[in-house]
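Structural features, examined
Read off the chains here:
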Amino acid sequence: MKYYNMIKAISAVLLTSILLSGCFNSSNNIQLGNIDGWLSVNTDSTFNQPYIDIEEWRDEPVLHYYVHGGFEGTDTRFSYYFPEKGNYEGRFFQYVTPVPDSEILSQGAEGEADKIGFSVTHGAYFVETNGGGSGATATYGSGIDPLIGAYKANAACAQYSRLVAAEMFGEHRTYGYIFGGSGGAYRTIGSVENTDVWDGAVPYVIGSPMAIPNMFTIRMHAMRILKDKFPQILDAVEPGGSGDMYAGLNREEKAALVEATKMGFTPQSWFAHKTMGIHAFGVLYPGMLMADPTYSEDFWTVPGYLGYDSPESFENDRIQHRAKITKAITLNEGQELGLPVQAMPGQARGTADAAWQRMNGMTEELPVAFQLESKMPEIQFLGGDLIVKTGDAAGQTIALRTIKDDIVVLSDASSAVLSKLKVGDLVQVDNSNFLAAQTYHRHQVPTEGYPTWDQFRDADGNAIYPQRPMILGPIFAMGASGVVPSGNIKGKVIAIENLWDTEALPWQGDWYRQEVRKNLGDSTNDNFRLWYTDHANHADFPYPGDPNYLVSYLGVLQQALLDLSAWVEKGIAPPATTNYEIKDGQVIVPNSAEERKGIQPVVHLKANGSDRTDIKVGEAVTFTVVVEIPENAGTLVSAAWDFDGSGNFSNVVDLSDTNVKNNGSNIEFTAQHTFNEPGTHFPVLHVASQREGDAETPYTLIPNLGRVRVVVE
C-alpha cells in the first residue's frame, strides 16, 4: 500500500498537472443559472455554488452567446458557447484536454481546428472547462479528491450547462457528448464509465493501462540502436520497396526493430525518425525513477538487464561529463540561440499531442538552459540528467531535453531548484538513467491481456527478463482517468485510433474494444464503434506533420460526434467498426474500402501500372487512380497532386470532368506528369470525402492519400 500510494501520488502530479433571434437579452446577466434548480439536481457538495461572471453575444468565430463562470470555493471554471435559438438542436459537445488546462482554450482557433464554430454550426453548444484547475491536483496526503480532476469537475460543468440551456431555450432534453484524445481519452473514458452525465463519447488516440511509460521506452530503444539505419528501413517499406526492412541489419539492429514492431510500432511511421523525439517521456521519466528508485542501478549491475549483459551496446551512447556552469540562459536568450527550449511561441496547448509540454511551469525569469565551461562529446542524446555536484543545489537532479556543444537544455525542473543554481557550480551531464529507462518495458510484463508482451515470455509463459516490483502503467492511467479503464461504458461510444500513431500505438484501440465486449457481450455493436484512420498520427492538428505522409483526422473526429448524436437521438446506426486483424502487434486492415469499412476513403494509386516505375529524364508517367468510399460514408469532394514532394498540392483534380468515372463509391481517373530531374520521387495524391458531398465546408472532411515511387535516371 505504501508503494501504491507513492506512485499514485506521482502519477497524479504528472498526469493531472500533464488532455440573434431574440432568445437572449444582454440585460439578463444576473438571472442565468438558477441556483435553486442547480441544487435540486447536483449531489456533489463540492460544486454547490455555481456562478456566472460573463455572458455576452460574440461574433467570432461565429455568432454565439458566451457564458463564463465557475463554482465558488473551487478553482473550477467553465465556458459555454451557445448558438442562436433557431439553430439549436438540443445537444452539447464537451472537449476534455489531456491534462487540466484552460476553460478558454478553444478561443481563437480557425478552420478545421475550430471546435466552437463546428459545434455552433451543427446545432450544439460547446462546453470546455479547466478540469478543476490547480486546486484539483491531488497528491498523497493533500486530502484532494483525485476524481475532481479526472471527471467530477467536468461532470459538474456539464450538468450545470443543462440548467443554463433550459433557462435560455426552455425546458428540454439536453443531450451531451464528451470527447478527448490521448490523456483526454483516459479522462473521457473515465467519465462515461463512472457517471451517467453524458449520453455518449468519442475518445480518440486511446492508450491502454500499459501505455505509460512503455510506448515511449520501446521507440527510444529502437531510435538509439537504429539511428543510422532508418533510411534503408524506410526505403524497404515505401511503395515500390523491397519489403524486407531487416535486410542489411546486424543482430542487435534486427532485434531492436523486431521488438518495436511486435510491440505495435508501425514501420512506415519511422519516416519521422529525425523529428519525433521522445514526446512526453521527458516529463514522465522523473516520476518513473521516483517510483522505481533502484531500477537504474540494477540495470547496470544485475544479470538479465541490458546494461549488465551487453555494456558494449552503450560504448558510443553513454555520457558522464563534468563541468562548471558559466552562464544561465533564459527563455528569450534560448529562443535567440535557436535552442529547443520550453514554452516556444505558437506551440499548441490542450491537444492530444502537445499538452505534456505545459507540465513544466517554466517562466521567462528562470533559466531554461545552461552554458558549461567545456564542450560535450558528440553522441545521440535523447535525454538525460544534470546532476548538481556543488553549491546550494548540490545533490539535486534536473532532467535534460538535449545537449549542444557546451549548452544543456532543461526538460523539467522546479523553480526552487533552479533559483539555487549559480555560475561556477559543478554539474555532471549524465544519461545513464535515461539509457536504462529505454528497455524498462522488458521488465513490466503484465500477467495477461497484452499479447504484444508475449515476445518477452518463454514457452511456458514466464517472463524471460527480471521483473520490477510493480507494474506502473495502470497506476499512471488511474492518475488521468481516476480509475483504470474497464470497458463498462454508459451510453454509446465511437472510438478513433490511428494506424500511424507513434505515441498511442494502434493495437490499444482494440484492447479497449475487447474490454467493452467483456461488459456488453452481444450488445457491443449496439453501443460501440472503433474506426481506424490510415496515414494519421497522434497529433490532433489540422497539419499534423509532413503532408506527403500524414493526413489530419479532425474531420473523422467531427463526423464521429455527428454520427454519435444521430445514433443516440434518432437511432441511426453509424458506419461499422473498421475491419482489421492484429498480427504480431500490427493492426492490419483490408485493401478495399468495402472490406475495410469505417468512414475513410481508400486510395489505389499506380504509376505506369505499378507501385514503382523506372524512367528516363523527360519521360512522362501515367498515373491511374481508384478511390473507394465506404458504404454510407459520403462522396469524394476533393483530390489534388503533389508530384515534386514539396507538400504543395497545387495540381487539383476537376472531379466534374467527364473523364472522371464516378459511380459514388468508386471514382476513377488518370493523370500524366513529366519528370525532368533525376532521382527517386514519391508523387502523392491527397483526397477527401464528405458525408453530404459539401466541398466548401471546413468540417467533417475525411482525408487519405496514396504514394508511388518514380525512379528517374
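None of these values were measured; they are calculated from a predicted model.

**Observations concerning the packing of aromatic side chains**
One pass over the structure, following the stated rule, counts 43 aromatic pairs. Summarising the aromatic geometry, the rings of Phe-71 and Tyr-160 are spaced 6.1 Å apart at their centres and angled 65° between planes, so their arrangement reads as edge-to-face. In this pair, Phe-71 is assigned in strand 2 (residues 64–71) and Tyr-160 in helix 4 (residues 146–169), connecting sequence segments 89 residues apart. With relative accessibility at 0%, the residue Tyr-160 sits in the buried group. Plain terms: the ring middles of Tyr-95 and Phe-179 are 5.4 Å apart, the flat faces sit at 40° to each other, and that makes the pair tilted. Residue Tyr-95 is located in strand 4 (residues 91–95), and its partner Phe-179 is located in strand 6 (residues 175–181); the two are separated by 84 residues in the primary sequence.

**Side note on the pattern of salt bridges**
In this structure the tally under the stated criterion is 23 salt bridges. The closest approach of N and O atoms between Lys-152 and Asp-145, which form a salt bridge, is 2.7 Å. Residue Lys-152 is classed as partly exposed on the basis of its relative accessible area, which comes to 26%. The closest approach of N and O atoms between Asp-235 and Arg-709, which form a salt bridge, is 2.8 Å. Taken together, the residues span a long stretch of sequence, with Asp-235 in helix 7 (residues 230–237) and Arg-709 in strand 28 (residues 709–712) at a distance of 474 residues. Owing to a relative accessible area of 3%, Arg-709 belongs among the buried residues under this scheme. Each member of the salt-bridge network shares a partner with another, and the members are Glu-89, Arg-91 and Glu-569.

**As for the side chain of Asp-406**
Its location among the elements puts Asp-406 in the loop between strand 11 (397–404) and strand 12 (407–412). Among buried charged residues, Asp-406 stands out as having no salt bridge; its nearest opposite-charge side chain is Lys-375, 6.9 Å away. Side-chain polar atoms of Asp-406 contact the side chain of Gln-371, separated by 3.2 Å. Residues within four places of Asp-406 in sequence aside, it is in contact with Phe-370, Gln-371, Leu-372, Ser-374, Lys-375 and Met-376.

**Focus on the packing of helix 6 (residues 214–225) against helix 8 (residues 251–263)**
Put simply, helix 6 and helix 8 touch, their axes get as near as 9 Å, and they point 155° apart. Considering the angle they form, helix 6 stands roughly antiparallel to helix 8. Between helix 6 and helix 8 the crossing geometry is left-handed. Contact residues: Met-215, Ile-218, His-221, Ala-222 and Ile-225 in helix 6; Glu-252, Glu-253, Ala-256, Glu-259, Ala-260 and Met-263 in helix 8. Taken together, the residues of the contact of helix 6 with helix 8 break down into 7 nonpolar, 1 polar and 3 charged.

**Overview of helix 4**
With 24 residues, helix 4 should reach 34 Å at 1.5 Å per residue; the first-to-last C-alpha distance of 34 Å fits that figure. For helix 4, the tally of buried residues reaches 20 of 24 residues, placing the bulk of the element in the interior. Put simply, Asp-145 is the residue that caps the front of helix 4, since its side-chain oxygen is 2.9 Å from the backbone nitrogen of Leu-147. Following helix 4 by one or two positions, Gly-170 has its phi on the positive side, about 95°.

**Let's talk about the nonpolar core**
Formed by 107 residues in total, the largest nonpolar core has its most connected members in Tyr-80, Phe-82, Trp-270, Phe-281 and Trp-453. Examining the composition of this core, we find that 12 residues originate from one element, helix 4, more than from any other. Ignoring anything within four residues of it in the chain, the contact list for Trp-270 reads Arg-219, Ala-222, Met-223, Phe-230, Leu-234, Leu-257, Ala-260, Phe-265 and Met-276.

**Focus: helix 7**
Of the positions making up helix 7, those classed as buried are Phe-230, Ile-233, Leu-234, Ala-236 and Val-237. Summarising the axial view, the buried residues of helix 7 lie within an arc of 160°, below the 170-degree limit, and thus occupy one face.

**Some details on the confidence of the model for the protein**
The share of residues in the protein with pLDDT of 70 or more is 90%, and the mean pLDDT across the chain is 90. The model gives residues 1–31 a pLDDT under 50, and that stretch makes 93 contacts with residues more than four places away or in other chains.

**Looking at the packing of helix 5 (residues 183–194) against helix 15 (residues 473–481)**
For the pair helix 5 and helix 15, interaxial distance at closest approach is 8 Å and the crossing angle is 70°. Between helix 5 and helix 15, the interaxial angle falls into the category roughly perpendicular. Contacts between helix 5 and helix 15 involve Gly-183, Tyr-186, Arg-187 and Gly-190 on the former and, on the latter, Ala-477, Ala-480 and Ser-481. Taken together, the residues of the contact of helix 5 with helix 15 sort by class into 3 nonpolar, 3 polar and 1 charged.

Reading guide: rules and limits
Residues numbered from 1 in each chain as written. Predicted model: local features only at pLDDT ≥ 70, side-chain atom pairs only at ≥ 80, totals over all residues. Heavy atoms only, no water. Phe/Tyr/Trp six-rings, centres within 6.5 Å; stacked < 30°, edge-to-face > 60°. Helix = DSSP H or I, 4+ residues; strand = E, 2+ residues; numbered from the N terminus. Buried < 20%, exposed > 50% of the residue type's maximum accessible area, 1.4 Å probe, protein only. Salt bridge = Lys/Arg side-chain N within 4 Å of Asp/Glu carboxyl O. Lys, Arg positive; Asp, Glu negative; His and termini not counted. Polar contact = N/O pair within 3.5 Å; in protein donor to acceptor, adjacent residues only side chain to side chain. Contact = heavy atoms within 4.5 Å. Axes fitted to C-alpha atoms, helices over the stretch in contact; angles between N-to-C directions. Parallel < 35°, antiparallel > 145°, perpendicular 65-115°, else oblique. Left-handed = near helix turned anticlockwise from the far one by under 90°. Nonpolar A, V, L, I, M, F, W, Y, C, P; charged D, E, K, R; others polar. Expected span 1.5 Å × (residues − 1). Core = buried A, V, L, I, M, F, W, Y, C linked by side-chain atoms within 4.5 Å. Arc of directions from axis to C-beta. pLDDT = per-residue confidence, 0-100.

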